[in-house]
Amino acid sequence: MPRIEFDKIGERRWETGVDHGVLYEYSNGAYTNGVAWNGLTSVSESPSGADNTDLYADNIKYLTLRSAEQLGLTVEAYTYPSEFEKYDGIEEVATGVKFGQQTRGTFGLCFRTNLGTDLNQDAGYKLHLVYGCSASPSDRGYQTVNDSPEALTFSWTLTTNPVIVEGHKPVALITIDSTLVDADKLTSFLDILYGTDADPSATPPTEGTVATLPLPEDVIKHFA
């Protein structure tokens with residue numbers, strides 16, 4: 001084996017940014033009716049659990065058990081799609097009239113981070129697919145307008161309920177690296193994630209498709 005070389009040209013990789021947020025409605029076991037989530041400023045993934053518990057017997061450490069791992073997120077944004085309100089405990093009871101503290105549903109989330117290297121700052125991107133999301137109530141601080149105005153930033157703490165996947169532990173997060181997967185498969189996958197427009201000029205004419213978040217087993221099949 002050759003000697004290890006550090007910081008080789010083209011191997012200085014980094015990840016930054018957050019964009020292309022999409023909110024998906026969860027209904028009848030599927031994530032569909034995706035809508036754009038504009039104004040995302042930050043998404044923080046916060047894994048927890050997976051703690052070790054040491055068990056002793058015969059005067060020695062007999063074994064180590066690891067607890068289940070969970071995924072939480074913190075989402076910050078300047079705005080949110082109106083479809084998110086029902087997942088934030090808001091219910092419209094009349095035109096322009098809304099109740100708070102209502103039932104919160106389950107939804108899916110997708111967002112994108114940028115990948116770069118020292119040779120190419122736009123090397124690609126990474127898709128983050130999140131399942132079983134539930135939003136907790138958040139603080140909103142309203143301030144007077146002054147000589148240094150700032151837009152109100154919304155923030156939500158999300159918990160996740162993982163999806164059962166045969167042959168694997170339950171999954172709440174999938175990442176897809178555009179620099180590694182097959183380009184054609186990625187293109188067709190983006191049509192599923194973001195939906196497609198109708199094309200009346202095609203032969204035969206095609207109808208548009210709704211943006212959908214595929215379940216983990218469908219993601220495996222698509223890229224297999």
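Computed from a prediction, not measured in an experiment: that's the story for all the values here. (Residues numbered from 1 in each chain as written. Predicted model: local features only at pLDDT ≥ 70, side-chain atom pairs only at ≥ 80, totals over all residues. Heavy atoms only, no water.)

**Student:** Can you lay out the overall build of the protein chain for me, pointing to particular residues and giving the numbers?
**Tutor:** Along the protein chain, the regular secondary structure elements total 2 helices and 12 strands. By principal-axis analysis of the C-alpha atoms, the protein chain measures approximately 70 × 55 × 50 Å. In the protein chain, which comprises 224 residues, the share counted as buried stands at 29%. By element, 49% of the accessible surface of the protein chain is carried by carbon and sulfur atoms, the whole surface being about 14,700 Å². (Helix = DSSP H or I, 4+ residues; strand = E, 2+ residues; numbered from the N terminus. Buried < 20%, exposed > 50% of the residue type's maximum accessible area, 1.4 Å probe, protein only. Areas by Shrake-Rupley, 256 points an atom, 1.4 Å probe, with all protein chains shown as cover.)

**Student:** Any chance you could break down the side chain of Thr160 for me, citing the residues and the numbers?
**Tutor:** One can find Thr160 in strand E11 (residues 154-160). Here Thr160 falls in the buried class, since its relative accessible area comes to 16%. A polar atom in the side chain of Thr160 sits 2.7 Å from the backbone oxygen of Leu71. Those residues in contact with Thr160 that sit more than four places away from it in its chain are Leu71, Leu73, Val130, Tyr131, Gly132, Cys133 and Ala172. (Polar contact = N/O pair within 3.5 Å; in protein donor to acceptor, adjacent residues only side chain to side chain. Contact = heavy atoms within 4.5 Å.)

**Student:** Outline the nonpolar core, supporting the account with residue identities and numerical values.
**Tutor:** The biggest cluster of nonpolar side chains holds 22 residues, and the ones touching the most others in it are Trp37, Phe84, Trp156 and Leu158. Those elements that provide at least two residues to this core are strand E1 (13-27), strand E3 (40-49), strand E6 (69-77), strand E9 (107-117), strand E10 (124-135) and E11. Sorting elements by how many residues they give to this core places E6 first, with 4 residues. Ignoring any residue separated from it by four or fewer positions in sequence, one finds Leu158 in contact with Gly72, Leu73, Val75, Phe107, Leu109, Cys133, Ser134 and Ala135. (Core = buried A, V, L, I, M, F, W, Y, C linked by side-chain atoms within 4.5 Å.)

**Student:** Describe a negative patch on the surface, naming the residues involved and giving the relevant values.
**Tutor:** A contiguous patch of negative charge, built from Glu5, Asp7, Glu11 and Asp118, is present on the exposed surface. Position of Asp7 relative to the elements: it lies in the segment before E1. The exposure class of Asp7 is exposed, given its relative accessible area of 58%. (Patch = residues over 30% accessible without salt bridge, like charges linked within 9 Å, V, L, I, M, F, W, Y side chains within 5 Å. Salt bridge = Lys/Arg side-chain N within 4 Å of Asp/Glu carboxyl O. Lys, Arg positive; Asp, Glu negative; His and termini not counted. Charge placed at Lys NZ, Arg CZ, Asp CG, Glu CD.)

**Student:** Any details on the packing of helix H1 (residues 183-194) against helix H2 (residues 216-223)? Residues and values, ideally.
**Tutor:** Helix packing geometry: the angle between the two helix axes and the distance between the axes. Interaxial distance between H1 and H2 falls to 10 Å at its minimum, and their mutual angle equals 150 degrees. In this view, H1 runs roughly antiparallel relative to H2, as classed from their interaxial angle. Taken together, the residues of H2 that come into contact with H1 (itself represented by Lys185, Leu186, Ser188, Phe189 and Ile192) are Val219, His222 and Phe223. The residue inventory of the contact of H1 with H2, partitioned by class, reads 5 nonpolar, 2 polar and 1 charged. (Axes fitted to C-alpha atoms, helices over the stretch in contact; angles between N-to-C directions. Parallel < 35°, antiparallel > 145°, perpendicular 65-115°, else oblique. Nonpolar A, V, L, I, M, F, W, Y, C, P; charged D, E, K, R; others polar.)

**Student:** Hey, could you go over the pattern of salt bridges for me, with residue numbers and the actual values?
**Tutor:** Working definition: two side chains of opposite charge can pair if their charged atoms are close together. Inspection of the entire model under this criterion finds 6 salt bridges. A salt bridge links Arg112 to Asp19; the shortest N-O distance between them is 3.1 Å. Linking Arg112 in strand E9 with Asp19 in strand E1, this pair joins segments that are 93 residues apart in sequence. The buried category is assigned to Arg112, whose relative accessible area is 17%. According to the relative accessible area criterion, Asp19 is partly exposed, its value standing at 24%. Among the salt bridges present, the one from Lys61 reaches Asp54, with a minimum N-O distance of 3.9 Å. On the basis of relative accessible area, Lys61 is assigned to the partly exposed category, the value being 47%.

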